[in-house]
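An overview of the molecular structure
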Amino acid sequence: MSDSEGYDQEYAEDGYVEAETGEEGPCGKIGGGFCKCFMGFIGLPLSLYMLGWNEQQSVCQSNAFIYAQENVKNHYSGASCTSLGAQEGLAFLDCPVTQYENFTVASMNDRMGDTDFGKAISVPAAAISQTVEMYQCEETKSYQKRDKTTVEIYHYEPRWSSVPVPSSQFSQSVAAVQARQRGCPGVQNNPSWPPNLAENTVPKYANFLKAGQFRITESLLASSDSSGFGPIEPVNLQPFANNFPKTAVLPSQGTSITKSNVAVQGDYLVTCTSQVQVGCIRISFQQSSPTKINAITNLGPGLETTPISIPSFWGCKARDWEAAVGSVGRGAQKGVTMNNFVDELHSTNGTQTNLLRLLGLLMCWFSVYCCFGPLTAAADIFGDALDCIPCIGGQLESIFEGMVECVLCLVSCTAGFACGTTVIAIVWIYMRPAWGIGLFVAAAVLVCASLYFAKSNQKENSGRKRVIEPEYSDEEQ
């Protein structure tokens, strides 16, 4: 029995082998190479578009920060957050939070309704999230290569998942069924999701909260430039433990979760307090309760925050914008000026821009590399031919294919980065003419100077004449 046969039999005895396929032939490799090439031709324009969009957004964000900073007239901090006389208009806030919104289980689940379970928990916060998980049997598939054979392997294991796992899509082959019986014994199908609970993680922002006398709205808390309001702290459920039974019983499949069939266990509401089995549900909550808010916003009627109308600039459309930062602990004790707040916004914007630049350039590199798919496929086919040479064929194949990969990686890196940086330069010239044109002129001067000195040096070397002293023999002397 060969090594590969022993390998396949080992997995077959465990019920893991689903199928075996030999190595792709020349036609399959060429077809795969052209598919990669097509992906590259699609991915490169998308990567270039992302790079251009990123540069434009960076400039437009900076323009919004500068406009707001120049036009804010009212600053509220300390005692002025609660004193009379606050006016409508653009304002900077540095105020403590004085009132939160109370979130309930019903507010996190639209299908919950006005039930006892929906009102059993109430958490005051600026934002909250709920994560519902079910213990389900999950299928994973992997491939392992042995010599010229690819083995497809199925594995089954019960895990907590925040989305329904459709067991109807599991493989029904004999080997897969045997593997499922070993990994998830006694499980035929995963139970259906409780109809009154939302799937996955559901975030919710407060419709309003009070910071001093100012009414902070959901649009400000959820703004893309706001931070510090994401639910990050687990909600302590122990104060609500008496609202639920001491032990929980797993409800029938397809039935709603009620107050009578869940219990508090640590930071979770669970339907199984003793032994965890497929179908068990657990619910957890995360909250954000900042004690102070810094914001640049517009104060409307009733001192309610509304977005600032940013006018159009060169290359940027008019839009609404506002930003806020929530802080706790020592950060809430420090006074923050508007200039410091705007500087932090610029810093965050710059960091995000640089990260997307790097990602876009790497995508350009990968896209150009994919365009060489037919060449890599041809190299692979030629390597297979080299492998037929006795004794040294395998080594020759590895060396040849490795050399081709290295060359294509270098060429695609150079071409991809060149395309990406060119797009960045063009957008800079359009969005920031003074900077872009200035840099372009400076680069052109450097290139011209380099060419001039190189040409001058070449002429100087060609104009020199080498003087060779004649040699005389003794007889001639």
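Residues numbered from 1 in each chain as written. Predicted model: local features only at pLDDT ≥ 70, side-chain atom pairs only at ≥ 80, totals over all residues. Heavy atoms only, no water.

1. Remarks on the overall build of the protein
In terms of regular secondary structure, the protein is built from 10 helices and 19 strands. Here the protein holds 477 residues, and the buried ones make up 38% of them. Looking at the protein alone, contacts between residues at least 24 apart form 72% of all its contacts between residues at least 6 apart. For the protein, the exposed area adds up to about 26900 Å²; of that, 58% sits on carbon and sulfur atoms. (Helix = DSSP H or I, 4+ residues; strand = E, 2+ residues; numbered from the N terminus. Buried < 20%, exposed > 50% of the residue type's maximum accessible area, 1.4 Å probe, protein only. Contact = heavy atoms within 4.5 Å. Areas by Shrake-Rupley, 256 points an atom, 1.4 Å probe, with all protein chains shown as cover.)

2. What about the pattern of salt bridges?
Considering all chains together, one arrives at 6 salt bridges under this definition. Glu133 is the partner of Arg282 in a salt bridge, and the nearest nitrogen-oxygen pair spans 2.8 Å. Of this pair, Arg282 sits in strand 14 (residues 281-288) while Glu133 sits in strand 6 (residues 127-146), and the two are 149 residues apart along the sequence. Between Arg159 and Glu157 there is a salt bridge whose closest N-O contact spans 3.2 Å. Three or more residues joined by partner-sharing salt bridges are found here, namely Glu138, Glu157 and Arg159. (Salt bridge = Lys/Arg side-chain N within 4 Å of Asp/Glu carboxyl O.)

3. Comments concerning helix 9 (residues 393-431)
Spanning 39 residues, helix 9 covers 56 Å between terminal C-alpha atoms, matching the ideal 57 Å at 1.5 Å per step. Every buried residue of helix 9 is listed here: Gly393, Glu397, Leu408, Ser412, Gly416, Gly420, Val423, Ile424, Val427 and Met431. (Expected span 1.5 Å × (residues − 1).)

4. Focus on the side chain of Lys292
For Lys292, the location among the structural elements is in strand 15 (residues 292-299). A polar contact of 3.1 Å, which involves the side chain of Lys292, links it to the side chain of Asp94. (Polar contact = N/O pair within 3.5 Å; in protein donor to acceptor, adjacent residues only side chain to side chain.)

5. Comments concerning the state of the cysteines
Enumeration according to the criterion identifies 4 disulfides in this entry. The disulfide partner of Cys60 is Cys316, and the gap between their sulfur atoms is 2.0 Å. Here Cys60 and Cys316 share a disulfide; its torsion about the S-S bond, -95°, makes the bridge left-handed. On the criterion of sequence distance, the pair formed by Cys60 in helix 2 (residues 26-71) and Cys316 in the loop between strand 17 (308-310) and strand 18 (319-321) is long-range, its members being 256 residues apart. For Cys60, a relative accessible area of 8% gives the class buried. A sulfur-sulfur separation of 1.9 Å characterises the disulfide bridge that pairs Cys272 with Cys280. Because the torsion about its S-S bond is -90°, the bridge between Cys272 and Cys280 counts as left-handed. Per residue, the accessibility class of Cys272 equals that of Cys280, and both read buried. Each disulfide in the protein links cysteines that, numbered along the sequence, combine into the pattern 1-8, 2-3, 4-5, 6-7. As a non-bridged cysteine, Cys37 has Cys371 as the owner of its nearest cysteine sulfur, 5.3 Å distant. (Disulfide = S-S within 2.5 Å.)

6. As for the packing of helix 2 against helix 8 (residues 373-387)
How two helices pack is summed up by the angle between their axes together with the distance between the axes. Relative orientation of the contacting elements helix 2 and helix 8 amounts to 160°, with a least axis distance of 7 Å. Accordingly, the angle class assigned to the pair helix 2 and helix 8 is roughly antiparallel. The crossing of helix 2 and helix 8 is right-handed. Residues Pro26, Lys29, Ile30, Gly33, Phe34, Lys36 and Cys37 of helix 2 form the contact with helix 8, whose own contacting residues are Gly373, Pro374, Thr376, Ala377, Ala378, Asp380, Ile381 and Asp384. Residues that form the contact of helix 2 with helix 8 fall into these classes: 8 nonpolar, 3 polar and 4 charged. (Axes fitted to C-alpha atoms, helices over the stretch in contact; angles between N-to-C directions. Parallel < 35°, antiparallel > 145°, perpendicular 65-115°, else oblique. Left-handed = near helix turned anticlockwise from the far one by under 90°. Nonpolar A, V, L, I, M, F, W, Y, C, P; charged D, E, K, R; others polar.)

7. Focus: the packing of aromatic side chains
Scanning the model with the defined rule gives 9 aromatic pairs in all. Ring centres of Trp314 and Tyr430 lie 5.5 Å apart, and the angle between their planes is 40°; on these two criteria the pair is classed as tilted. Linking Trp314 in the loop between strand 17 and strand 18 with Tyr430 in helix 9, this pair joins segments that are 116 residues apart in sequence. With relative accessibility at 45%, the residue Tyr430 sits in the partly exposed group. A centroid spacing of 6.1 Å and a plane angle of 85° characterise the contact between Trp365 and Phe417, whose relative ring orientation is edge-to-face. Taken together, the positions of Trp365 in helix 7 (residues 338-371) and Phe417 in helix 9 put the pair 52 residues apart, joining distant regions of the chain. You can call Phe417 partly exposed: its relative accessible area is 28%. Directly above the aromatic system of Tyr156 lies the positively charged group of Arg180, at a separation of 5.1 Å from the ring centroid. A cation over a ring is seen here: Arg215 above Phe208, with NZ or CZ 4.0 Å from the ring centre. (Phe/Tyr/Trp six-rings, centres within 6.5 Å; stacked < 30°, edge-to-face > 60°. Lys NZ or Arg CZ within 6 Å of the ring centre and 35° of its normal.)

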